[in-house]
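# Breakdown of the fold
Residues per chain are reported as follows:
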Amino acid sequence: MTSPTRTLPLSFRRFRRLRRSEALRALVRETRLSPGDFVYPLFVTHGHGVREEISSMPGQYHLSLDQLAREAEELRSLGIPAVLLFGLPAEKDEVGSEAYDRDGIVQRAVRVLKEESPGLVVFTDMCLCEYTWHGDCGLVTVSGEVDNDATLPLLARTAVSHVAAGADIVAPSDMMDGRVAAIRSALDDGGSGSTPIMAYAAKQASAFYGPFREAAESAPQFGDRRGYQMDAANSREAMREIEADIEEGADIVMVKPALPNLDLIARARERFDLPLAAYNVSGEYAMVKAAAAAGFLDERLVTLEILTAIKRAGADIIITYHAKEAARWLV
Ligand code: PBG
């Protein structure tokens, strides 16, 4: 005998039963965001007492070395385990000398941070674009092309200098072919075989980097970066980029930007077993900030929704300028 209620569709209220209170919703929540998921990008600069807001990225600053102890303490108190360092050099030149100078701004910042806060994980971004006057991510030939192979030894030198300063993880963002292998062998030869590499593996030529280029003063002076960064239309190629970096020795792989690439994050998660990072980039941050400032969006809810979606898609590590605010909202 079927009871009369069985005549109702089986799905009757099926989904709503577990949504009746926040306690129930929390119990069955599949994705939990935590401050421990975040890596916070920092822009370090020469000078003293510098704490200058970046106009295109409200709430983000250029910081001089004396500001870093306070920053590290704040991150520690919020439960954010890691930073990713970008440097603004004293001078830019043709070959990006300060990128691999023993006393370059990033090398000095690493030493300060490791001294002040040994438990903080320090990732260093490695690229020539902030250090060259032309703003390209590699050396440029007389005909104006980026010279892939000539750039590799400079990236390797940069990695060795960052690790010598105490960097925990080096992160090449230049998109030259073969750079992970070049960096890996330079580190191994120099006795730094235990330092991991986080490769910006599927990094697209994206208009979402606009605010960062203002922040890092690294806009290309000629042309764009489409000759080496990925075409955002390509998904299979993104998987091949990630695969190549893994073969060359990457320990963590990254998809960047994050929000327009949730499909690539999900695909990479299914396909590869390495830790997967997603970079929630400057333009993604700036959009939220601008919309919130205009009163169009609830900043807290939107930010947490975005970061949760990036994690749900499959990212283990989220590099985000929202890290500090999100950590405060999560407690
Ligand atoms: C350097 C680099 C860029 C970003 C990270 N490393 C800019 C670019 O490639 O043009 C972008 C980060 C962001 O937008 O937040 N190559």
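For the structure given in this document, a descriptive report is provided here. Predicted model, so just to flag it, every value in this text is computed and none were measured.

Thresholds applied
- Residues numbered from 1 in each chain as written.
- Predicted model: local features only at pLDDT ≥ 70, side-chain atom pairs only at ≥ 80, totals over all residues.
- Heavy atoms only, no water.
- 1 Å grid on protein atoms, 1.4 Å probe; cavity = no way out; pocket = protein on both sides within 12 Å on 5 of 7 lines; lining within 4 Å.
- Points joined across faces, edges and corners; volume = space filled by probe spheres on them.
- Salt bridge = Lys/Arg side-chain N within 4 Å of Asp/Glu carboxyl O.
- Helix = DSSP H or I, 4+ residues; strand = E, 2+ residues; numbered from the N terminus.
- Buried < 20%, exposed > 50% of the residue type's maximum accessible area, 1.4 Å probe, protein only.
- Core = buried A, V, L, I, M, F, W, Y, C linked by side-chain atoms within 4.5 Å.
- Contact = heavy atoms within 4.5 Å.
- Patch = residues over 30% accessible without salt bridge, like charges linked within 9 Å, V, L, I, M, F, W, Y side chains within 5 Å.
- Areas by Shrake-Rupley, 256 points an atom, 1.4 Å probe, with all protein chains shown as cover.
- Nonpolar A, V, L, I, M, F, W, Y, C, P; charged D, E, K, R; others polar.
- Near = heavy atom within 4 Å.
- Polar contact = N/O pair within 3.5 Å; in protein donor to acceptor, adjacent residues only side chain to side chain.
- Sits in = over half its atoms within 2 Å of the grid points.
- Phe/Tyr/Trp six-rings, centres within 6.5 Å; stacked < 30°, edge-to-face > 60°.
- Expected span 1.5 Å × (residues − 1).
- Arc of directions from axis to C-beta.
- Lys, Arg positive; Asp, Glu negative; His and termini not counted.
- Charge placed at Lys NZ, Arg CZ, Asp CG, Glu CD.

Attention shifts here to empty space enclosed by the protein. Here the idea is plain: a probe the size of a water molecule rolls over the atoms and shows the empty space left. Taken as a whole and assessed by the stated rule, the structure comprises 3 cavities of 30 Å³ or more. Size it by volume and the largest cavity reaches roughly 130 Å³. Forming the walls of the largest cavity are 18 residues, and the residues nearest its centre are Phe86, Lys203, Tyr209, Phe212 and Lys256.

Turning our attention to the pattern of salt bridges. Working definition: two side chains of opposite charge can pair if their charged atoms are close together. This model, assessed by the stated rule, comprises 19 salt bridges. One salt bridge connects Asp188 with Arg184, and the closest N-O pair in it is separated by 3.0 Å. With Asp188 and Arg184 both in helix α5 (residues 179–189), this residue pair falls 4 residues apart, about one helical turn. Residue classification places Asp188 among the partly exposed residues on the basis of a relative accessible area of 38%.

Turning to the nonpolar core, a few remarks are in order. Core analysis: the largest hydrophobic core is formed by 75 residues, its most contacted members being Leu85, Ile242, Ile265 and Ile310. Not counting chain neighbours up to four residues away, the residues in contact with Ile310 comprise Ala258, Leu262, Ile265, Ala278, Asn280, Ala315 and Ile318. Ranked by size, the runner-up nonpolar core spans 26 residues in total, among them Ile54, Tyr200, Ala277 and Tyr321.

Looking now at a nonpolar patch on the surface. A surface patch of nonpolar side chains, about 290 Å² in accessible area, is lined by Leu18, Leu27 and Val28. With respect to the helices and strands, Leu18 occurs in the segment before α1 (22–27). Judged by relative accessible area, which is 42%, Leu18 ranks as partly exposed.

For the largest pocket, the calculated volume is near 530 Å³. Together, 17 residues line the largest pocket, and Arg25, Val28, Arg29, Glu30 and Thr31 are the ones closest to its centre. Elements with a contribution of two residues or more to the lining of the largest pocket: α1, α10 (299–313) and α11 (323–330). The element that contributes the greatest number of residues to the lining of the largest pocket is α10, accounting for 4 residues. Residues belonging to the lining of the largest pocket are distributed by class as follows: 8 nonpolar, 2 polar and 7 charged.

A separate point is the site of the ligand. Near the ligand there are 18 residues, and of these Lys203, Arg213, Arg225, Lys256 and Tyr321 occur at the shortest range. In the environment of the ligand, a nitrogen atom lies 3.4 Å from a nitrogen or oxygen atom belonging to the side chain of Ser173. Notes on the ligand: free accessible area 400 Å², of which the protein chains cover 100%. Its atoms largely coinciding with the cavity grid, the ligand occupies the largest cavity. Considering only residue class, the shell around the ligand consists of 10 nonpolar, 3 polar and 5 charged.

In this section: the packing of aromatic side chains. Throughout the structure, instances matching the rule amount to 8 aromatic pairs. Look at Phe43 and Phe86: their rings are 5.5 Å apart centre to centre, the planes differ by 25 degrees, and that puts the pair in the stacked class. Taken as a pair, Phe43 in strand β1 (residues 38–45) and Phe86 in strand β4 (residues 82–88) lie far apart in primary sequence, 43 residues in all. With respect to class, Phe43 is no different from Phe86; both count as buried.

The next thing to look at is helix α7 (residues 236–248). Spanning 13 residues, α7 covers 19 Å between terminal C-alpha atoms, matching the ideal 18 Å at 1.5 Å per step. Among all positions of α7, only Ala238, Met239, Glu241, Ile242 and Asp245 are buried. An end-on view of α7 places all buried positions within 155 degrees of arc, on one side of the element. Summarising the geometry of α7, the exposed residues directed more than 90 degrees from the buried face are Arg236, Arg240 and Glu247.

Our next topic: a positive patch on the surface. Together, Arg13, Arg14, Arg16, Arg17, Arg19 and Arg20 make up a region of like positive charge exposed at the surface. Structurally, Arg19 can be placed in the segment before α1.

For Arg184, a relative accessible area of 13% corresponds to the buried category. Looking at Arg184, its side chain comes within polar contact range of the main-chain oxygen of Thr195, at 2.8 Å. Not counting residues within four places of it along the chain, the set of residues in contact with Arg184 comprises Ser192, Gly193, Thr195, Pro196, Ile197, Glu248, Gly249 and Asp251.

Glancing now at the environment of Asn261. With respect to the helices, strands and loops of the structure, Asn261 is situated in the loop between β8 (252–256) and α8 (262–271). In the structure, Asn261 is positioned 52 residues away from Ala313 in sequence and 9.4 Å away in space, judged by C-alpha atoms.

What follows concerns the environment of Val28. Note on placement: Val28 falls in the loop between α1 and β1. Judged by relative accessible area, which is 41%, Val28 ranks as partly exposed. Residues Val28 and Phe272, 244 residues apart in the sequence, show an inter-C-alpha distance of 27 Å.

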